[in-house]
Structure formats: C-alpha cells, structure tokens
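# Overview (structure and organization)
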Amino acid sequence: MFNARTIAIIKRELKALMLNKTFIVMTVLMPLLFMSGFLVIGLMQVLNVVDKAHVVIVEEEPFVNDLLREVMRENEEVQSGAMTIDYRTMDRAQLEAFVEQSRAGMLQDSIAGVFYIPAKARSKKRIEFYSANPNNLVLISRVSEGVNKALIELRFEGRGIAEEDVAFAQGGTKTDSYKVSAGADVSEEDGGGVIVSFVVSFLLYISLFINGMQLLRSVTQEKTSRIVEVLLSSVNPRELMTAKVVGTAITGLVQMLIWFSPILMLSMIQLTVLPDDIADKVSRVMASINLGLMAYVIVNFLMGIMTFLSMFAALGAMFDNDQDAQQGMWPIVMLIMVPFFIAMSISMNPSSELAVISSMLPISSIMVMPARMALSDVPFWQVGLTLLVNVAVLIGILRLAGKIYRVRILSSGSKVTLKKVWGWMTAEA
Amino acid sequence: MHALEVRNLRKQFGSVTAVDDVSFEIPEGVIFGLLGRNGAGKTTTIRMMMDIYKPDAGEVLLRGVKAGEEFNSNVGYLPEERGLYQKMTVMDTLLFFAELKGKKGPEIKRRAVEYLEQFDLGDRMKSKLADLSKGNQQKVQFISTILHDPEFVVLDEPFSGLDPVNTSIIRDMILDLKRRGKVIIFSTHLMDFADRMCDNICLIHKGQALLNGPLSDIRRKFGNRNVTVQAEGDLSFLRGNPIVETMEDFGNTTGILVKQQDDIQTLLKVLVENNIVVRRFDAHTISLHEIFVRVAGDDAKSGEANMMEGSHV
C-alpha cells in the first residue's frame, strides 16, 4: 500500500496543505482564540462584579427597605460605588408608571434596572426585575441575595432567635468537590476536568471539520479538473484515497500538536506570571491532564480523523462539484455534531448511561470517550474495548469509502441517492 | 512478439456496452492510432489499457505477459480532459508526476529544465500553473507525460483544444519520440492527423473494432479500386454509371469506388468524354476518412462534419 508512488502523493498533500495560508491562519489563530476565550472566562470569574450600575429598588409596602439598605451597605460593590441604589415605595399602578417613565433611562443604561418587592414577597419570596437587560444574572444575584437576607431577618424578628442563628439561616451552602480515582490520592476537583474535556472535544470537532472540508474540496477539485485521471494511471484508486487521507490526517495531527503546545508549555513554565486566581485555575486544569489521557487523545484523534476523512473522501468522489458535495454532507455532519453535543453534556454526569454507552459506540466514541476520560476514571476494559471498536470501524469505513471512491471518482452526472450509495458500496471490484 | 496487445476487451456501463470485444496489436516502435468518432469507445479502451477501468472481460499483454506494475511505471499518459494542480509551480508539478512514476533526483530535474527550455518555458519554472496560459499549461502537461522517459506514451486526443502552433509542437514531439524508439499510442477523431502520422491503426465504431493493422496494408486493401478525383464540373452524372460502385463528395475532392480495378481506366475515359476538366486523378489512393466512411457505413456519414472539422465536444 505504501510504495514510492503513494509516498509521493502524501508528500504533495502535506506540502499543499501545510504551506498554505488557511493552515497557518487556522493553526495560529485557533489557540490564540482559545487562550483569549479562556482568559475572558477566567477574568469574568475573577472579576465577577457589577460594573457601574444604578438600581432602583421599589417595594409595595414599607417593610423591607430599611433592612435591605443595611444589608446592601455591606456589599462590596455598593461600598466601592460600582452599584448605587435608590430605594422607593410605590403600589403596582405607580410602579407601572415609573417603569414607563424610566424606559429611556433603562435603554440608555443610566438605570440598570428596577427591582419590585411586592407585599406578598414576605411569604412567597418572589420579587420582580424590570430592565433592558433582564438576564443580568450578576445584578440579580446581588440584589436577590440581599433581599433574601432582609426577608429572613424580617421573618425571624421578634421571635427571640439569636442573631447568629439568623445569620446562619441567611448563609448558603458551598460544596467542595473531590475526585476519587483508582490510583491517585483523593484530590480536590474544581472544574479542571470539565475544562479539559471541553477543550479536547472542541479541538477534535474543529479539526474534523477543517480537515474534512479541506479533503472534500481537494477530492472534488481533482475530480472536476480531471487531475485524478493522470494520478490513476500511476496509482490505483484505493492507494490514492488512502494517501490523501493519510496526508490530511498527518496535517491534522501536526495542527493538533501545535494547538496542544501552549497547554504543554503552560504546564512547564512557572505560573507566577499570571494573576493568582488564573494561575490557580490553570494549575487545576494541568492536574486533570495525565500522560494516559494525552496518549489516548492522540491515538483516538488519529483513528477518528482517518475514519471521518475517509467518509469525506468518499463524499467528494460521489459528487461532481463542491457545492453539491457540501449539500450532501449532512449525514457526516450529524455523525460529528451529535456526539459532540453528547460530549459537551456529559460534564453534568460523566457516569450516566448515555455517557457510558455513547463513549463505546462506534463513531460516537471518537468524540465522547476522551471527554469522559477527562471527567472521570474510565475502567480500563472500557477504554480497551473502545479502542478495538474504533480500529474495526476505521478498517470498515476505509473499505467502504474506498469502494465508493473507486466507483465514483471517474464518473459524473448521476444523482446521488442512498440506494445508489449502497450500490456503490456493494459493487464488485 | 508485439510490444502491446489488447485482447477481447469488453466494458459495460449499466445497459450500455462501451467497448465490445476489441482486440488489436501494437508492434515495437510505431505510432499507433486509435480512431473513431466521439463516443466510439476510444477513451474507455485507453482507460482499460491504463488499468484505470477494470475490463469486464479481456486483457492487455505487455510483450506477451499480462500488463501490470511494470507497464504502469513505463508508460506516460495524457488523458483527453487535462488538469493540473493550479497552485503548484511548473517545476514542482513536473517533479511530482515523475516521482509518481518512480523517478526522481537531479537527472530528472536536469531533463525537466531541458524540456522546459525546448518548449520556451525556461523562465516559467517557478510560476504557478494558474499564472500560465492554457497553451503553456498544455505544454507542461505534455512534458509531465514524457519526463520519466517511458517506453510507451499514451495520448488521448492529444490535439484537441490546441492552436496550430502548439499542434505542430506536439506533433514534432511525437515524431521525435518515435525516432527514439518509443511506442506512441494516440486516440483521435481527426482522421487527417492519423492519416499522416500513424503506422498502425485500429478503427473503433460503436464499441467495436472495425479495422486493425498497418495503415499501408489497410490503404492497399481499400485503395485498389479507389480513385480520388479533383475536377471542374459536375460529377453527379457518374451516379448510376455501371462501373461506379459508390461515390462520396468531400467538397474539394470526390472519392469514387469502381466495381473492378480495370474500371479505373474506363472512369478516366468517361470523364474526358464528358468534357470534365480533370485537375487531379489519383488512382489506388484512399484517405482514412474515406475508409472510415466506407466501413462504418451510413452511421459514419452523420458524423462526417465532426470528423472533418475536428470539432470536439
């Protein structure tokens, strides 16, 4: 299979793919985008603060404002002046008129929002928020926290309950998570695994699409420009397809290693240059990456990308031009997207049945297993089984794609239907 | 032993039989023409020879042995519909196609430079293919076909889409390859070229080989009762004359097939008696085009315009 001729094709593919603006831009930009994305997320968590907000808190009956004022006075953002609060008392009709009157202010952001505390809030603990940005979760959490404290205090007032008991009732409960794994000690878990699983899934997803589309275009171009006929006078269709798949897969692997390199570099450099909170996060992420996971991610990537690239190559051979091929791409898109969303969702519970089954099923395992491994300890037999499944799927897909490629690469014109695709896959050599 | 032999090739696409039991032999050192109208089955035959299509039946023999790897690396192939990687440079393209045939190194590079200079492309080595004119791209494609110095050169419609200057460049290259002892196999629907260049031919019509062998033998066989006449005046009175079997008007000339060889003298006499000014009277000659019309019968006539003008769709 790998003779001098196929190697010549692989070399040409590598040159065409890597010495190319798209490759350089995508490869360099992707980690930068990622890094800046994570920095923004990190900064937002560190600087999870209200930014210059003027809030009006309206209550229906004067029962809670005095208490609330006291509670809110302890708020850092109020103290720093980032949040200013205006306390009013109005009935519902007046409130409606007031909201109407404040519309311009809210739209221009001079009023971040109006909180309304109805009388029944005393028993129902339900308040209202009027704003041009009603999803301002930070602001909502600040004010509702304060209102909650004030309501609790109000409720227990005069019942002879000690102040510290009231303070206890006012507080929330924080959960510290610890990861229990087979070999290592129990270690504190703070979202590192989730980040790793997200990064791995996302990079895999991006890489499958970028490289798959590249190969698809390359195959249809060779087909429409008839270069393929000259190539086929030197190599057979299966060799040509495999060489193109291997060339593109190597490009994908190089790209993936480049994408991973900032993470590896981060794990090597001192984290002191980063602000404490971010350095802390980064080191937790690093703690979730181990050699076994890295090795699996790379082996899985190679098998996964070869599986999908074979599908893309067959797809390119089926159609006469780029546009038609892209319209016929949806089955492959589904095979990438659905497992991708499963991989994203299993961070909620990596040992759910969905996670376990989809991490071992053909095709979906490519996306889900690495994510699951990053999130929790996967039994060794499951990893081994999945590897075997992946190898079998790769061999099967290469065979079927090779058949379609061989039948279709020199043919044109006929409309592609599932029945015909089946016919091409089962055609005799 | 023949250099290459095609035996009983057959290929069916769905219900259409594109090539039906085609056989021919190609001796060493000849220019071989695979002739026929568009859609006759020439390209399918060539693709089976090149192992691009698997034949439903039949085989290709290289010097008596079933053709395989060895033939593959010893043949240069120029398909009818040509294409090159537009983003590659001229030199990279040439080196890539040579490497595909297992040839690389400084010797190949030197030869590539030589060919490029011969084709006036010496200063375009580093140009991308996309920046070259169509004619120059075709030259590069032709060089890529022969750079690895193959023993066999297979050209599918090599003259289609070429302007007169490039046509003569390619024609000279083909003749030069022949002088160097290569076997050249080309398909064409242009009978005129085949007539002047080929030593041996195979004429394919509707997937079947109608004629096959050395062109001189075929000419002799068809030409001994044939006369090509160029004359002033209307020759239509000859139709129905007992000595005339068939008559074809080719515009400038008229091809006349007489019933017996002795009738040729009688024909000249009839022309003179009827006051026809005879400009040319070639006995025993026949063009490939006339042969084609004769063997393919009425079917061929409908394709005459196509054959004469060389238009190719």
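Parameters at a glance
Residues numbered from 1 in each chain as written. Chains lettered and ligands numbered in written order. Predicted model: local features only at pLDDT ≥ 70, side-chain atom pairs only at ≥ 80, totals over all residues. Heavy atoms only, no water. Helix = DSSP H or I, 4+ residues; strand = E, 2+ residues; numbered from the N terminus. Contact = heavy atoms within 4.5 Å. Lys, Arg positive; Asp, Glu negative; His and termini not counted. Charge placed at Lys NZ, Arg CZ, Asp CG, Glu CD. Buried < 20%, exposed > 50% of the residue type's maximum accessible area, 1.4 Å probe, protein only. pLDDT = per-residue confidence, 0-100. Pairing = 2+ DSSP bridges. Axes fitted to C-alpha atoms, helices over the stretch in contact; angles between N-to-C directions. Domains from an automatic or database assignment. 1 Å grid on protein atoms, 1.4 Å probe; cavity = no way out; pocket = protein on both sides within 12 Å on 5 of 7 lines; lining within 4 Å. Points joined across faces, edges and corners; volume = space filled by probe spheres on them. Nonpolar A, V, L, I, M, F, W, Y, C, P; charged D, E, K, R; others polar. Buried area = accessible area lost by both parts, 1.4 Å probe. Salt bridge = Lys/Arg side-chain N within 4 Å of Asp/Glu carboxyl O. Polar contact = N/O pair within 3.5 Å; in protein donor to acceptor, adjacent residues only side chain to side chain.

## Focus on the overall build of chain B
A tally of helices and strands in chain B yields 12 helices and 14 strands. Reported as C-alpha extents along the three principal axes, the dimensions of chain B are approximately 70 × 45 × 35 Å. Counting only contacts in chain B whose residues sit at least 6 apart along the sequence, the fraction spanning at least 24 positions is 69%. If you average the places of the 40 positive and of the 45 negative side-chain charges in chain B, the two averages end up 3 Å apart.

## A short note on the overall build of chain A
Helix and strand content of chain A: 19 helices and 6 strands. Across the 429 residues in chain A, those meeting the buried criterion constitute 47%. By sequence separation, contacts in chain A at least 24 residues apart represent 75% of the contacts at least 6 residues apart.

## Re the confidence of the model for chain B
Residues and elements named next belong to chain B. When the pLDDT values of chain B are averaged, the result is 87; 95% of them are 70 or greater. Taking the mean pLDDT of every element in chain B, the minimum, 42, falls on helix α12 (residues 304-309) and the maximum, 95, on helix α3 (residues 90-100). Contacts for the low-pLDDT stretch residues 303-313, under 50 throughout, to residues beyond four places or in other chains number 26 contacts.

## Examining the sheet that holds strand β13 (residues 254-258) of chain B
Residues and elements named next belong to chain B. Taken together, 4 strands build an open sheet; the order of strands is β12-β13-β11-β14 and the sheet is antiparallel. Bordering the open sheet on either side are β12 (244-249) and β14 (277-283), each of which pairs with just one other strand. Strand after strand, the sheet turns through a mean of 20 degrees between neighbouring axes, direction not considered. Contacting β11 (226-232), β13 and β14, helix α9 (residues 263-273) crosses the sheet at an angle of about 175 degrees to β14.

## Considering the domain arrangement of chain A
Entries for chain A in the domain assignment read domain 1 (4-31 + 190-425) and domain 2 (53-170). Between the C-alpha centres of domain 1 of chain A and domain 2 of chain A the distance comes to 51 Å.

## Section: empty space enclosed by the protein
Applying the stated rule across the entire model yields 3 cavities of 30 Å³ or more. Every residue along the wall of the largest cavity is listed here: V230, S233 and S234 of chain A together with V75, G76, Y77, F97, K101, S144, T145 and H148 of chain B. For the lining of the largest cavity, the elements supplying multiple residues, two or more each, are β6 (75-78) and α5 (134-146) of chain B.

## Considering the layout of surface pockets
Approximately 1,100 Å³ is the volume found for the largest pocket. Lining the largest pocket we find 36 residues, and of these R12 and A16 of chain A together with Y85, K87 and M88 of chain B sit closest to its centre. Partitioned by chemical class, the residues of the lining of the largest pocket number 12 nonpolar, 11 polar and 13 charged.

## Examining the interface of chain B and chain A
Taken together, the contacts link 22 residues of chain B with 18 residues of chain A. Roughly 2,100 Å² is buried in total at the junction of chain B and chain A, and carbon and sulfur atoms are behind 56% of that figure. The tally of links from chain B across to chain A stands at 4 salt bridges. Residues E69 of chain B and R5 of chain A are paired through a salt bridge, measuring 2.8 Å at the closest nitrogen-oxygen approach. If you look at where chain B meets chain A, you find 9 residue pairs in polar contact (both at pLDDT 80 or more). Residue assignment for the side of chain B that touches chain A shows that the elements contributing at least two residues are α2 (69-73) and α3 of chain B. Sorting elements by how many residues they give to the side of chain B that touches chain A places α3 of chain B first, with 5 residues. When its residues are assigned to classes, the side of chain B that touches chain A shows 11 nonpolar, 3 polar and 8 charged.

## Observations concerning the sheet that holds strand β1 (residues 4-13) of chain B
All names here are of chain B. Taken together, 4 strands build an open sheet; the order of strands is β2-β1-β4-β5 and the sheet is antiparallel. Two strands in the sheet have a free side with no partner beyond their single neighbour: β2 (16-26) and β5 (65-66). In this sheet, strand β4 (residues 57-62) lies alongside β1 in antiparallel orientation, the contact comprising 5 bridges. Directly across from R10, in β4, lies its bridge partner A57.

## Looking at the side chain of S144 of chain B
All names here are of chain B. Within the secondary structure, S144 sits in helix α5. Here S144 falls in the buried class, since its relative accessible area comes to 8%. Here Q141 takes part through its backbone oxygen, which lies 2.7 Å from a polar atom of the side chain of S144. Here S144 is in contact with L94 and F97, once residues within four sequence places are set aside.

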